[in-house]
Amino acid sequence: MKKTILKYGAFGAITICVLFIFSWYGLSTLSLPVQEVLGYVSIFLSLCFVYLGIRHYRDKENGGAVSFKQALTMGLLISLITAIIFGLLDVFYTEVLNPGFMDYYYAEIAENMKGTLPPDELRIRLAELEEQKAQFSNPILSFTFMATTVFAIGLIITLLSALILQRKAES
């Protein structure tokens, strides 16, 4: 089981890294909302390896059987590997490759708010935005948030995969 977890965790991590790098180079001209949607699609695609890993283990290594608990454990660990690697990649991106990203990102959000909110609410929301920007400028908090986001999506995919793929051994 350990070998399968490491293998499919690595596949998920490599996939999320490749899609992230592709989107950075190839899709940077798209609007931020579109880039965010594509980011979530990348997360989902990389976490498809949870399902594939559990299925591989069940069908190729465990004689066609996998318990819900085994599938849950495998899925969570595959998700954790992918989440940690993505968290590290995100910090590397915002700290080394594109240190101006946070300023750009929050300026874009603030600009979008200016056209849609009344002045009183705008002041409140801009103050909240500055607070968020300060928090996400901290690499540890940024890592934690990004890794947690990926892991939370992985948890959902893991639960669904474990429910779908669980199968008792035939007697």
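Reading guide: rules and limits
Residues numbered from 1 in each chain as written. Predicted model: local features only at pLDDT ≥ 70, side-chain atom pairs only at ≥ 80, totals over all residues. Heavy atoms only, no water. Helix = DSSP H or I, 4+ residues; strand = E, 2+ residues; numbered from the N terminus. Buried < 20%, exposed > 50% of the residue type's maximum accessible area, 1.4 Å probe, protein only. 1 Å grid on protein atoms, 1.4 Å probe; cavity = no way out; pocket = protein on both sides within 12 Å on 5 of 7 lines; lining within 4 Å. Points joined across faces, edges and corners; volume = space filled by probe spheres on them. Nonpolar A, V, L, I, M, F, W, Y, C, P; charged D, E, K, R; others polar.

Engineer: Could you give me a rundown of the overall build of the protein chain, with the residues and numbers involved?
Structural biologist: Looking only at helices and strands, the protein chain has six helices and zero strands in total. Along the protein chain, helices and strands appear, N-terminal first, in the series α-α-α-α-α-α. When the backbone C-alpha atoms are referred to their principal axes, the protein chain occupies close to 70 × 30 × 25 Å. Across the 171 residues of the protein chain, 35% fall into the buried class.

Engineer: Tell me what's going on with the layout of surface pockets, and back it up with residues and numbers.
Structural biologist: One way to see where empty space is left: roll a probe the size of a water molecule over the atoms. Reported here for the largest pocket is a volume of approximately 890 Å³. Together, 32 residues line the largest pocket, and Glu36, Asp90, Phe101, Tyr105 and Met146 are the ones closest to its centre. Taken together, the elements giving at least two residues each to the lining of the largest pocket come down to α1 (2-26), α2 (32-61), α3 (68-97), α4 (101-114), α5 (119-136) and α6 (139-165). The element contributing the most residues to the lining of the largest pocket is α2, with eight residues. Within the lining of the largest pocket, the residues separate by chemical class into 20 nonpolar, 10 polar and two charged.

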